[in-house]
Amino acid sequence: MINYQKVTGTFDMTGKVAIVVGGAGGIGEATARMYAAKGAKIVIADCKDNCPEVAEAIAKDTGCEAIGIQCDVTSDESVENLVKKTVETFGEINVLAAMPGFVDLYRANEIDIAIVEKHININAIGVFRVCKAVANQMIAQGKGGKIVCVTSQADFIAINKHVGYTMSKAALVGMIKVCALEWAEYGINVNGVAPTVVNTYMGEKAWQGKVKTDMIEKIPAHRFAETDEIAAAVLFLSTAESNMITGEDLVVDGGFTIY
Ligand SMILES: NC(=O)c1ccc[n+]([C@@H]2O[C@H](COP(=O)([O-])OP(=O)(O)OC[C@H]3O[C@@H](n4cnc5c(N)ncnc54)[C@H](O)[C@@H]3O)[C@@H](O)[C@H]2O)c1
């Protein structure tokens, strides 16, 4: 059962232990900073080797406790190490924000199958690997928990040259629904946040020049999103304010998928 908890509107995370995977930059770092501002203890996890430095900067800026653990979501061993070290340091895990991401753009008739597999291995199976490991820890703790995955507007609408990415994110949405269904009995919410293009490394890699201006033209808000606008939705789905929401994929797209 996912318990009712009086909704205060404060989005409080005091004392919660939150892992942010894909946390070394972009939306992940913005999410970690927002969690820290709400009182959480932070674990920055990413395949990049600068996780301790990012964690240290967040701790310095916000006064929170934070550690960085290098983690590649395509490796069982690496994900097991992430859970083990988090529990050794902070005693438990209450929140997981899972948003490692890979994109490489080709037309569907030209893409190598190996590139499609890489998308699926990181964006879908990799995210599931970390969700499964963290959920088992939450189940053992017996106190419920929150899992939020960052999906994409590509879940809802076909986008040119995004076949590998879209296949991986569509699989992720399926995973979110099944895990939400199965883990509700343990008090665990599982949700997604589906952004439009966001001004990050990944956003700039995929959207440049004319493709960028054409895309902005199609978004009713007439701009790309900023990282804190996505982090705010992730925060909502990570707190008691959203206890009655599970298995959802919340679009944050300036109206792009209205059509
Ligand atoms: N930026 C956009 O336009 C946009 C739009 C929709 C969805 N998203 C999604 O948002 C999420 C965050 O992306 P971002 O825009 O902040 O880009 P980003 O490139 O800044 O962040 C992605 C992070 O994932 C990490 N990562 C990649 N492979 C990994 C692996 N195997 N193990 C662990 N970490 C790994 C990267 O090192 C990077 O820090 C991604 O899931 C992405 O698909 C982004």
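Anyway, here's the lowdown on the structure attached to this text. On a predicted model such as this, the values are computed, not experimentally measured, just so you know. (Residues numbered from 1 in each chain as written. Predicted model: local features only at pLDDT ≥ 70, side-chain atom pairs only at ≥ 80, totals over all residues.)

### Concerning the overall build of the protein
Selection criterion: Each helix corresponds to a stretch of at least 4 residues labelled H or I by DSSP, and each strand to a stretch of at least 2 residues labelled E; elements are numbered beginning at the N terminus. The reference for a compact globule is 2.2 Å times residues^0.38; the radius of gyration itself is calculated from the C-alpha atoms. Counting other C-beta atoms within 10 Å of each residue's C-beta, where C-beta atoms are placed from the backbone, gives the exposure class: buried for 20 or more, exposed for 12 or fewer, partly exposed between. We call two residues in contact when the distance between their C-beta atoms, placed using the backbone, is within 7 Å.
Assigned secondary structure in the protein consists of eight helices and seven strands. Relative to the compact-globule value of 18 Å for 259 residues, the protein shows a C-alpha radius of gyration of 17 Å, a close match. Within the protein, buried positions represent 46% of all 259 residues. Considering only residue pairs separated by 6 or more positions, the protein has 74% of its internal contacts joining residues 24 or more positions apart.

### What about the site of the ligand?
To keep things clear, this is the line we draw: By definition, a residue lies near a molecule or strand provided its backbone-derived C-beta atom is within 6 Å of it. Charged residues are taken to be Asp, Glu, Lys and Arg, nonpolar residues to be Ala, Val, Leu, Ile, Met, Phe, Trp, Tyr, Cys and Pro, and polar residues to be all remaining types, Gly included.
Every one of the 29 residues lining the ligand counts as a neighbour, but Gly26, Pro100, Gly101, Met202 and Gly203 are closest to it. Residue composition of the shell around the ligand, by class: 16 nonpolar, ten polar and three charged.

### Describing the sheet that holds strand S4 (residues 95-98)
Here is the rule we go by: DSSP calls a pair of strands paired once it identifies at least 2 bridges connecting them. The convention used is that axes are lines fitted to C-alpha atoms, helices contributing only their stretch in contact, and that angles between N-to-C directions extend from 0 to 180 degrees.
As summarised here, the arrangement of the seven strands in space is S3-S2-S1-S4-S5-S6-S7, forming an open sheet in which the pairing is parallel. Strands with a single pairing partner mark the edges of an open sheet, and in this sheet they are strand S3 (66-70) and strand S7 (249-252). Taken pair by pair, the neighbouring strands of this sheet meet at an average axis angle of 20°, ignoring direction. Sheet analysis places strand S1 (residues 17-21) next to S4, joined by four bridges and oriented parallel. Bridged to Val20 within S4 is Ala97.

### Points about the nonpolar core
As a reminder, the rule being used: Each nonpolar core comprises buried Ala, Val, Leu, Ile, Met, Phe, Trp, Tyr and Cys residues, the members being joined through C-beta atoms within 7 Å.
Among the nonpolar cores identified, the biggest contains 70 residues, and Ile42 and Ile44 are the most heavily contacted of them. The element contributing the most residues to this core is helix H4 (residues 113-141), with nine residues.

### Quick look at helix H1 (residues 26-37)
Note the threshold: How far a helix is expected to stretch is found by multiplying one less than its residue total by 1.5 Å.
When the terminal C-alpha atoms of H1 are compared, their 17 Å separation across twelve residues agrees well with the 16 Å that a helix rising 1.5 Å per residue should span. Within H1, eleven of the twelve residues are buried, leaving the element largely enclosed by the surrounding structure. Among all positions of H1, only Gly26, Ile27, Gly28, Glu29, Ala30, Thr31, Ala32, Arg33, Met34, Tyr35 and Ala36 are buried. A positive phi of about 100° marks Gly39, the residue just after H1.

### What about the packing of helix H3 (residues 76-90) against H4?
To be explicit about the condition: Crossing handedness: left-handed means the near helix sits turned counterclockwise from the far one by under a right angle, and right-handed means the same turn made clockwise.
Contact geometry of H3 with H4 gives a least axis separation of 10 Å together with a crossing angle of 35°. Seen from above, H3 lies across H4 with right-handed handedness. Contacts between H3 and H4 involve Asp76, Val79, Glu80, Val83 and Val87 on the former and, on the latter, Arg129, Val130, Ala133, Val134 and Gln137. Per-class residue counts for the contact of H3 with H4 are six nonpolar, one polar and three charged.

### Concerning the environment of Asn243
Checked against the element boundaries, Asn243 lands in the loop between helix H8 (227-236) and S7. Along the backbone, Asn243 and Gln5 are 238 residues apart, and their C-alpha atoms lie at a distance of 7.7 Å. Excluding anything up to four places from it in sequence, Asn243 contacts Ile2, Tyr4, Gln5 and Asn189.

Spatial relationships are all this shows, so hold off on functional conclusions.
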